Amino acid sequence: MRFKNQVVVVTGASRGLGQAIAVAFAREGANVAGLARSDLAETGAKAKAAGGEFIAVKADLGQATQTEAAGLIAAILKQTGRIDTLVNNAGIILRAPAVDFPEADWNEVLRTNLSTPFFLCQAVAKWWLTGGREQSPAGARLKIVNIASLLSFQGGILVPAYTASKHGLAGITKALANEWAKERINVNAIAPGYIATENTQALREDTRRNQAIVERIPEGRWGKPEDIAGACVFLASRDADYLNGSVLSVDGGWLGR
Ligand code: NAP
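Given the structure is predicted, the values throughout are model-derived calculations rather than measurements. (Residues numbered from 1 in each chain as written. Predicted model: local features only at pLDDT ≥ 70, side-chain atom pairs only at ≥ 80, totals over all residues. Heavy atoms only, no water.)

Caption draft 1: Looking closely at the layout of surface pockets. In this structure, the largest pocket spans a volume of roughly 1,400 Å³. Lining the largest pocket are 48 residues, and of these Ile 92, Ile 93, Tyr 162, Asn 199 and Thr 200 lie nearest its centre. Considered class by class, the residues forming the lining of the largest pocket number 23 nonpolar, 17 polar and 8 charged. (1 Å grid on protein atoms, 1.4 Å probe; cavity = no way out; pocket = protein on both sides within 12 Å on 5 of 7 lines; lining within 4 Å. Points joined across faces, edges and corners; volume = space filled by probe spheres on them. Nonpolar A, V, L, I, M, F, W, Y, C, P; charged D, E, K, R; others polar.)

In structure tokens, the structure reads:
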């Protein structure tokens, strides 16, 4: 119950990592605001069963302008009065050879994975710096966790926009941490390895690729969404008050190999 009375905003909470992250915070007593385009009822039910509260916010984060992102944060604040943690998890991956990569796909990936997370960081930090910090309990800190990727470090194949977006997300994690650490805002990221979600279903169903991936992971298995959720709760907790601008790889050892 470390997050009792705390408000945690999780984007992309309808399934996969975002759902596991929402439930993990709920288990710690948090009031979770989950964002996605599709139905959030399943996540809401799981979060409540875990002991937390849940607010569903329908939003398309693939088109959000700076003003719309600020509007989403304002709407959540109107209901909750405060935000303690923002988890930028929503993300998409679109594949095509680099020479043919369509402009529309490039823009959609960059908007969803990089621009909107930046605008949400901006909006929540602006609230914190213009009165939110003073309203929060003494010594409290605002925590931001961005869900990056192994492709924040590596190039990948057939996913140039995704790689650009995740390198960018790791970059702004450091840039924002540099500006905001002194304001009692911690900005960090998680680089998940290969995690079993809908996003990676096709890879797991491809016997040859699946075997190659599992053989390269020192842990010898795909990650579970809960593996990422635990790291996320840690980064948002007081135990991580002295972590700023770090990109924590949670990958069963993949990057160290
Ligand atoms: P997923 O199962 O496909 O879930 C993606 C989530 O993002 C869904 O809740 C989806 O909600 C939301 N989302 C996507 N586009 C959106 C939009 N335009 N507006 C609002 N919400 C949107 O993916 P996942 O595997 O859990 O991945 C979550 C994050 O982890 C992503 O940032 C991904 O890049 C990163 N990651 C995953 C892996 C992995 O192995 N799975 C590895 C490295 C990094 P709706 O579709 O309902 O809107």
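Caption draft 2: Summary view of the side chain of Asp 241. Locating Asp 241 in the fold gives a position in the loop between α8 (225-236) and β7 (247-250). A relative accessible area of 18% places Asp 241 in the buried class. Among the polar contacts listed, one links the side chain of Asp 241 to the side chain of Lys 143, at a separation of 2.6 Å. Residue contacts for Asp 241: discarding those within four places in its chain leaves Arg 141, Lys 143 and Asn 186. (Helix = DSSP H or I, 4+ residues; strand = E, 2+ residues; numbered from the N terminus. Buried < 20%, exposed > 50% of the residue type's maximum accessible area, 1.4 Å probe, protein only. Polar contact = N/O pair within 3.5 Å; in protein donor to acceptor, adjacent residues only side chain to side chain. Contact = heavy atoms within 4.5 Å.)

Caption draft 3: Layout of the state of the cysteines. For the structure shown, the criterion picks out 0 disulfides. With no disulfide partner, Cys 121 has as its closest neighbouring cysteine sulfur the one in Cys 232, 13 Å distant. On the basis of relative accessibility, which here comes to 0%, the residue Cys 232 falls in the buried class. (Disulfide = S-S within 2.5 Å.)

Caption draft 4: Expanded view of the nonpolar core. If you look at the biggest cluster of nonpolar residues, it comprises 33 residues, and the most contacted ones within it are Ile 21, Phe 25, Val 32, Val 87 and Ile 190. At the level of elements, β1 (7-11), α1 (16-27), β2 (31-36), β5 (142-147) and α8 are the ones that each hand at least two residues to this core. The element contributing the most residues to this core is α1, with 8 residues. Excluding anything up to four places from it in sequence, Phe 25 contacts Phe 3, Val 8, Ala 30, Val 32, Thr 85, Val 87, Cys 232, Val 233 and Ala 236. (Core = buried A, V, L, I, M, F, W, Y, C linked by side-chain atoms within 4.5 Å.)

Caption draft 5: Examining the site of the ligand more closely. As a matter of local geometry, the ligand sits amid 31 residues, with Ser 14, Ser 38, Asn 89, Tyr 162 and Thr 197 nearest to it. Measuring from an oxygen atom of the ligand, one finds a side-chain N or O atom of Ser 38 at 2.3 Å. Between Gly 193 and the ligand, the recorded distance is 3.4 Å, taken from a backbone N or O atom to an oxygen atom. The protein chains hide 95% of the 880 Å² of surface that the ligand would expose on its own. Structurally, the ligand is housed in the largest pocket. Residues that form the shell around the ligand fall into these classes: 13 nonpolar, 13 polar and 5 charged. (Near = heavy atom within 4 Å. Areas by Shrake-Rupley, 256 points an atom, 1.4 Å probe, with all protein chains shown as cover. Sits in = over half its atoms within 2 Å of the grid points.)

Caption draft 6: Quick look at the side chain of Ser 152. Along the chain, Ser 152 turns up in the loop between β5 and α5 (160-180). The buried category is assigned to Ser 152, whose relative accessible area is 7%. The contacts of Ser 152, once residues within four sequence positions are left out, are Lys 166, His 167 and Ala 170.

Caption draft 7: Empty space enclosed by the protein, seen in detail. What the rule picks out here adds up to 1 cavity of 30 Å³ or more. Roughly 30 Å³ of volume is contained in the largest cavity. Of the residues forming the lining of the largest cavity, the biggest block, 4 residues, is contributed by helix α4 (residues 103-135). Across the lining of the largest cavity, the residue classes break down as 4 nonpolar, 5 polar and no charged.

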